[in-house]
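Each chain, letter by letter, is given below.
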Amino acid sequence: MRFSRLFLVTLLVAPSLALITPSPIKLNVATKRETTRLLALAGGAASTGGNIDGRNDDTVSTKDKPLPRELMPITLGVFAQMLGEGIALSSLPLYLTRLGATPTSVGLAISCFSLAQMTFAPILVGLSSRIGRSIVLRICLIGAVASSLLIAFSGNVYGIIAGRTLAGVFAACVPVAQSGVTDILSADQTMLGLSRVSAASQLGVVVGPAVSAIFQEGFAAVGLPAAKCLPAVFCLNSCFTLAVLLQMTLINRRSMVGLKQQAGEKEEQIIKTQDDVEQKPLEQDTGVRLAQPVLRVITVAMGWTAILSNSIYGLFAPKFLNFSQPQLSATYSFAAALMVGTQIILPRLVAKLGEHRVCTVGILAAGVGIGGQSLVRVQPFHSMLYMMNRAGAAVADTSTATLVARASPNRDARSRNLALLTSTRAAGRIVTPLLSSK
C-alpha cells in the first residue's frame, strides 16, 4: 500500500513540470481595440518592436522567447476543470454500477456530457469573442463547481446524469483557452502555446484518478461510509475549483490595471499593424477548402479513442483483466502522465518533422494501440499498447488543433473552428458509449 501511494505521488509531482512555462491568458477583452492593446503588452508587439505577429525590425525569432509568465491563470483554469473530468471519467462508471446502473445507463451518462458539450462549446467560445476569454473561463469554472456539487448530493443515477449534463454545458475551458493562445501568440509560438494548454488539460487527468483513489481511501479510513467517499471527493474538488476561480479573478484584475496604464500611447500604432496583418493572405492551407472537414474527421477518431480508453475501459478492464479501482486509477494516471510528457517534447518534434507528419504519426500510434489493447490481454504487452494509444492520441489532438489554427484566415475564424473542433469531438463521443455498452 505504501508503494502504491508513493507511485501515485510520483505521478502527481513529475508532470507538474509542464506548468513551469504557462500558457498565455491576457484575454479579458470585449472589442478589437482592447484586444490589440492587451496583445501589445502581453508579449506581442510591445515587446517585439511593434509588430503584432511577433516579427520586428531586428528579425528576432519568437520561437526562443518564453511564454509570458503573468498568464498562468489560464493554465490553472484549464487544470481545475480537467481535474474534475479526471475524477469523473475514472470513478463514475464503477460508482454508477454500484448504484445499480446498467451499462446502458453508464453510457447515457457519458453521452449526455458529450451532447451538451457539442451544443454549447461553440456558443461559449463565440461569447468569449464578445465579452472576453477570461470572463468565459470563469463562467465555465462556476458551471464546473455546480455540476460537482450536483453529483455529490445526488444519491441516484438520474441525478448523476443531470450533473454530467451540466458539466458538459460548461465544458469549454480548453477551446476558449486555445482560442486565446492563438489570439495572443505569433505563428511560431502557436504550437508551444497549444501544447501548454494540452499539458494543463492532461495534468488534470493525471491528478484526477489519483486524487479520487487517495481521498476515497482517506475518507474511508476516517470512518466515512463507502457510498459517501466519492461524493465527498466531488465536494472537495468543487472547493478547489472555487479557490482557483477566486485566484483567477484577483490576478486578472491586477493584470488589467497594469495593462491599461501602459497601453495608451501604443494603441493606434498597434491597431494599424494588426489591420495590416489581418489583411495579409495565409501563407499556407488557404486554398485547401477541405482542410477543416478533414481535421474534424481526425478529431472524431481521437474522441472515440478517448472514450474507449477512459470510461469504457473502466468497464472493460475489471471484467477481462480483473482490475480494481486502484489499478484503474494508476493506469489512467500513468497514461495521462505520459500524455503530458508528449506535450513537453511535441514542439521540438514539430520543429523537426512538421505538424502534418507529427499528426500522422500520432494517428497511427493511436490506431495500433487501441486495436492491439482490445486483442492482447497479456501483461505487460496490453499496458504497453494502451500507453501507445494514449500517447498517440495526445500528439494527434494537439497537432490537429495547431493545423486548424493555421488553416484559419483570421481571429474569428480561428475561434469558430477551434470551437467546432471541440464540438465535433464531443459529437463523436455521443454514440460510442452507447454502442460499447451493448
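Below, the structure is looked at part by part. (Residues numbered from 1 in each chain as written. Predicted model: local features only at pLDDT ≥ 70, side-chain atom pairs only at ≥ 80, totals over all residues. Heavy atoms only, no water.)

Going from Gln-379 to Pro-380, the amide bond is cis rather than trans, its omega being 5°. For Pro-380, the position within the fold is in the loop between helix H14 (355-375) and helix H15 (381-406). The phi dihedral of Asn-322 falls on the positive side, at around 60°, and the residue is not glycine. Inspection of the secondary structure assignment puts Asn-322 in the loop between helix H12 (313-320) and helix H13 (325-353). (Helix = DSSP H or I, 4+ residues; strand = E, 2+ residues; numbered from the N terminus.)

Attention now moves to the packing of helix H3 (residues 72-98) against helix H8 (residues 190-221). Viewed as axis vectors pointing N to C, H3 and H8 meet at an angle of 45°, and their least axial separation amounts to 6 Å. Relative to H8, H3 is oriented oblique. The handedness of the crossing between H3 and H8 comes out as right-handed. Touching Thr-75, Val-78, Phe-79, Met-82, Leu-83, Gly-86, Ile-87, Ser-90 and Ser-91 of H3 are Val-197, Ala-200, Ser-201, Leu-203, Gly-204, Val-205, Val-207, Gly-208, Pro-209, Val-211, Ser-212 and Gln-216, all from H8. Classifying every residue of the contact of H3 with H8 by side-chain character gives 12 nonpolar, nine polar and no charged. (Axes fitted to C-alpha atoms, helices over the stretch in contact; angles between N-to-C directions. Parallel < 35°, antiparallel > 145°, perpendicular 65-115°, else oblique. Left-handed = near helix turned anticlockwise from the far one by under 90°. Contact = heavy atoms within 4.5 Å. Nonpolar A, V, L, I, M, F, W, Y, C, P; charged D, E, K, R; others polar.)

Time to look at helix H6 (residues 157-169). The first and last C-alpha atoms of H6 sit 19 Å apart over 13 residues, in line with the 18 Å expected at 1.5 Å per residue. Looking only at H6, the buried set comprises Val-157, Gly-159, Ile-160, Ile-161, Gly-163, Arg-164, Ala-167, Gly-168 and Val-169. Buried positions along H6 lie against H3, helix H4 (103-131) and helix H5 (133-152). One side-chain oxygen of the residue at the start of H6 lies 3.2 Å from the amide nitrogen of Tyr-158, identifying that residue as Asn-156. (Expected span 1.5 Å × (residues − 1). Buried < 20%, exposed > 50% of the residue type's maximum accessible area, 1.4 Å probe, protein only. Polar contact = N/O pair within 3.5 Å; in protein donor to acceptor, adjacent residues only side chain to side chain.)

Summed over the entire model, instances satisfying the criterion amount to five aromatic pairs. Look at Phe-316 and Phe-320: their rings are 5.0 Å apart centre to centre, the planes differ by 40°, and that puts the pair in the tilted class. In this pair, Phe-316 and Phe-320 both sit in helix H12, four residues apart, roughly one turn of the helix. Take Phe-320: its relative accessible area is 38%, and that puts it in the partly exposed class. Grouping aromatic residues by their ring pairs yields a cluster made of Tyr-313, Phe-316, Phe-320 and Tyr-386. Residue placement shows Arg-377 over the ring face of Phe-320; its charged tip is 4.3 Å from the ring centre. (Phe/Tyr/Trp six-rings, centres within 6.5 Å; stacked < 30°, edge-to-face > 60°. Lys NZ or Arg CZ within 6 Å of the ring centre and 35° of its normal.)

Geometry only, nothing functional implied.
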